[in-house]
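So the chains spell out like this:
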Amino acid sequence: MAPSGSRSIKRGCQRVLYWIPVLFIALIVAWSYYAYVLQLCIESIEDTGKKVVFLLVYHAIFIMFVWAYWQTIFTSPMNPLKEFHLSFSDKELLEREDRGESQQEILRRIAKDLPIYTRTNSGAIRFCDRCQLLKPDRCHHCSVCDKCILRMDHHCPWVNNCVGFSNYKYFMLFLAYSLLYCLFITATDLQYFIKFLMAGGRAHFRLREYLNGLPDTQAKFHILFLFFSASMFSVSLASLLIYHCWLVCKNRSTLEAVRAPVFRHGIDKNGFSLGCSKNFRQVFGDEAKYWPIPIFSSLGDGCSFPSCLVNVDPEQPFSPTGCNPANKGAAEGRQFPSKPLRESQSRLLASTPSWTDSDSAAEKERKGASNQGMIIEHEA
């Protein structure tokens, strides 16, 4: 009983520690609200019209930022469906087998009717010993959450949650609105910082002269440090948002950017990419009116994803066959899905061509029209 009690105490302490980064962000946001609304807008700005505009815009951004952050934190990551879990008989059968090859034969038999197309680096079926399930494509086990997460991107300590299929859109909106929040504060607080630089251009910045030029001693320090903190957070948030926008356009997770997924034909870092437009819609959905709102609108079920049928890598030299020479034979012998795709995924593959696809289609149409005109002219 003692070891079990100590483990539960340790687990409880870990849970409390995991919330410290979230509490830190909450305290900074609460202080920034006090510094901007009360100290800057209400106490320092004398122009009523300017004050009202600043407060209205600020609160609109603040509400969307807090909403997206809340959704990212408290949206539970989705776990694999029951069909991916081993049955009781399969567990017993797997436990009786000692050899790895025999266990793989059992797992291959179970995975035959499941939409699983990725493998381990050695070509084996991806299986989770902790959760006792066959991992769906893009699913990974999180050691912090101690469970398998669908389309796991990473475990973020700043939200104390796994970022995956269920909340990746919320995480992207959280980054976007937090960056907009910091940029707005920096832009509207800039004039006070410029006054500080102009007043302190001589020895030791002459801080006393600057402080005497502002209306209240308490407001002076809040306004000054508000600018510094907002500008510093803007730099880090901008770099993080740009990186995740690149991941969305490539249809990769952070884990897949570090280690490319392995398909039946081999490693393919662009295996899930359907073109920039379709990749974006897979995360944000088909309806543009829901894109900026922190509500779930992603396509699919998180357990299976459509993949490109030809391995095209734009970062490698183009070959006339439309695929990489090293993967040509493997691509030709690739097995097509044995199970139909989900409705949303089929719609993605059959919908309007992506931005790159539409360009090539238009080019073909222009060439066809040109050739037809030459034939008519020749007959005439």
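Further up the page is the structure itself.
Rules used in this analysis
- Residue indices follow the written sequence of each chain, beginning from 1 at its first position.
- Note on the predicted model: pLDDT of at least 70 is required for a residue's local features to be given, and 80 or more for side-chain atom pairs to be given and counted; whole-chain, interface and lining totals, by contrast, use all residues.
- Side-chain descriptors were evaluated using all non-hydrogen atoms of the structure, hydrogens and water having been removed beforehand.
- Helix and strand definitions follow DSSP, with helices as H or I runs of at least four residues and strands as E runs of at least two, each counted in order from the N terminus.
- Exposure categories follow from relative accessible area, calculated using a 1.4 Å probe and restricted to protein chains: below 20% of the type maximum is buried, above 50% is exposed, and the middle band is partly exposed.
- Whether two residues are in contact is decided by their heavy atoms: any pair within 4.5 Å suffices.
- To be clear on the numbers: accessible area is Shrake-Rupley with a 1.4 Å probe, and residue cover counts the displayed protein chains and nothing else.
- When DSSP locates at least two bridges between a pair of strands, those strands are taken to pair.
- Side-chain atoms alone can form a polar contact between residues adjacent in sequence; in general such a contact is a pair of N or O atoms within 3.5 Å, and within protein one must be able to donate a hydrogen while the other accepts it.
- Aromatic rings from Phe, Tyr and Trp, with only the six-membered ring used for Trp, were paired whenever their centres fell within 6.5 Å, and each pair was classed as stacked if the ring planes differed by under 30 degrees, edge-to-face if by over 60, and tilted otherwise.
- Note on criteria: charge over ring means Lys NZ or Arg CZ within 6 Å of the ring centre, with the direction from the centre no more than 35 degrees off the ring normal.
- For patch building, the residue pool is restricted to those with more than 30% relative accessible area and no salt bridge; the joining distance is 9 Å between like charges and 5 Å between nonpolar side chains (Val, Leu, Ile, Met, Phe, Trp, Tyr).
- Salt bridges are counted wherever a side-chain nitrogen of Lys or Arg sits within 4 Å of a carboxyl oxygen of Asp or Glu.
- Every angle, taken between N-to-C directions, lies between 0 and 180 degrees, and every axis is a line fitted to C-alpha atoms, over only the stretch in contact when it is a helix.
- An angle below 35 degrees is read as roughly parallel, one above 145 as roughly antiparallel, one from 65 to 115 as roughly perpendicular, and any other as oblique.
- Each helix crossing is assigned a hand: it is left-handed if the near helix lies turned anticlockwise from the far helix by less than a right angle, otherwise right-handed if that turn is clockwise.
- In this classification, Asp, Glu, Lys and Arg are treated as charged, Ala, Val, Leu, Ile, Met, Phe, Trp, Tyr, Cys and Pro as nonpolar, and every other residue, Gly included, as polar.

Trainee: Just to check I follow, could you spell out the overall build of the protein for this structure?
Mentor: Assigned secondary structure in the protein consists of 13 helices and 9 strands. Counting across all 380 residues of the protein, residues that qualify as buried make up 43%. The long-range share in the protein, meaning contacts at least 24 apart out of those at least 6 apart in sequence, stands at 65%. A total of about 21400 Å² of accessible surface is found on the protein, and carbon and sulfur atoms cover 63% of it.

Trainee: Help me understand helix α10 (residues 276-284), please; the structure alone is not making it clear to me.
Mentor: An α-helix turns once per 3.6 residues; consequently, residues spaced three or four apart project the same way. α10 sits mainly inside the fold: 7 of its 9 residues count as buried. The complete set of buried residues in α10 reads S277, K278, N279, R281, Q282, V283 and F284. Two residues or fewer after α10 comes G285, characterised by a positive phi angle close to 95 degrees.

Trainee: Looking at this model, I keep getting lost on the sheet that holds strand β8 (residues 262-263). Mind explaining?
Mentor: Read from one edge to the other, the open sheet built from 3 strands follows the order β1-β8-β9, with strand pairing classed as antiparallel. One side of each edge strand has no neighbouring strand; the edge strands of this open sheet are β1 (118-119) and β9 (266-267). As paired elements, β1 and β8 share 2 bridges and run antiparallel to each other. Among the inter-strand pairings, T118 is bridged to a residue of β8, identified as F263.

Trainee: Even after reading the chapter, I still don't get unusual backbone geometry, so can you show me in this structure?
Mentor: A negative phi holds for most residues other than glycine; trans holds for most peptide bonds. Backbone geometry places Q132, a non-glycine residue, at a positive phi of 55 degrees. Topologically, Q132 is positioned in the loop between β2 (127-128) and β3 (133-134). With a phi angle near 60 degrees, D146 is a residue other than glycine that sits in the positive phi range. Note that D146 resides in the loop between β4 (140-142) and β5 (147-149). Judged by its relative accessible area of 38%, D146 falls in the partly exposed class.

Trainee: For this particular structure, what's the right way to read the side chain of S234?
Mentor: You can see S234 is positioned in helix α8 (residues 217-250). Owing to a relative accessible area of 8%, S234 belongs among the buried residues under this scheme. Sequence-distant contacts of S234, that is, excluding residues within four places in its chain, are made with L179, C182, L183 and T186.

Trainee: Looking at this structure, how should I read the environment of N251?
Mentor: With respect to the helices and strands, the residue N251 is situated in the loop between α8 and α9 (254-258). Along the sequence, N251 and F280 sit 29 residues apart, while their C-alpha atoms lie 7.8 Å from each other. Setting aside its immediate chain neighbours within four residues, N251 contacts R138, R151, E256, F272, S273, N279 and Q282. Among the polar contacts listed, one links the side chain of N251 to the side chain of Q282, at a separation of 2.7 Å.

Trainee: Just to check I follow, could you spell out the packing of aromatic side chains for this structure?
Mentor: Aromatic ring pairs are reported here in terms of the distance separating the ring centres and the angle at which the planes meet. Under the counting rule described, the total for this entry stands at 24 aromatic pairs. Aromatic pair Y33 and Y58: ring centres 5.9 Å apart, planes at 45 degrees, arrangement tilted. In this pair, Y33 sits in helix α2 (residues 20-42) while Y58 sits in helix α3 (residues 48-74), placing the two residues 25 residues apart along the sequence. Assessed through its relative accessible area of 30%, Y33 is described here as partly exposed. Residues F65 and Y181 carry aromatic rings whose centres are separated by 5.2 Å and whose planes lie at 20 degrees to one another, so their mutual orientation is stacked. One end of the pair, F65, is in helix α3; the other, Y181, is in helix α6 (residues 168-199), and 116 residues separate them in sequence. You can call F65 buried: its relative accessible area is 5%. Taken together, the ring pairs connect Y33, Y36, F54, Y58, F62, F65, Y69, F171, F174, Y181 and F184 into an aromatic cluster. Over the ring of F272 we find R138; its NZ or CZ atom is 4.5 Å from the centre of that ring. Of note, R138 hangs over the ring of F305, and the distance from its end group to the ring centre comes to 4.9 Å.

Trainee: Got a minute to help me understand a nonpolar patch on the surface in this structure?
Mentor: Judged by side-chain polarity, V52, V53, L56 and V57 come together as a nonpolar surface patch covering roughly 340 Å² of accessible area. Structurally, the position occupied by V52 is in helix α3. Here V52 falls in the partly exposed class, since its relative accessible area comes to 43%.

Trainee: What's the story with the packing of helix α4 (residues 88-96) against helix α5 (residues 100-111) in this structure? I'm lost.
Mentor: For any two helices packed against each other, the geometry is given by the interaxial angle and the distance between the axes. At a minimum axis distance of 9 Å, the contact between α4 and α5 shows a crossing angle of 160 degrees. Relative to α5, the element α4 lies roughly antiparallel. In the packing of α4 onto α5, the handedness of the crossing is right-handed. Along its contact with α4, which presents D90, L93 and L94, the element α5 presents Q103, I106, L107, R109 and I110. The residue inventory of the contact of α4 with α5, partitioned by class, reads 5 nonpolar, 1 polar and 2 charged.

Trainee: Where do I start with the pattern of salt bridges in this structure?
Mentor: Pairing of side chains with opposite charge becomes possible as their charged atoms draw close. Tallied over the full model, the rule gives 7 salt bridges. Close ionic contact of R281 with D286 constitutes a salt bridge, the shortest N to O distance being 3.1 Å. Here K289 and E287 are joined by a salt bridge, their closest N and O atoms 3.7 Å apart. A single network of salt bridges, built from pairs that share partners, joins E101, E105 and R108.

Trainee: It is not clear to me how the side chain of S32 should be interpreted in this structure. Could you clarify?
Mentor: Position of S32 among the secondary structure elements: in helix α2. With residues up to four places along the chain from it excluded, the contact list for S32 reads Y58, Y181 and L226.

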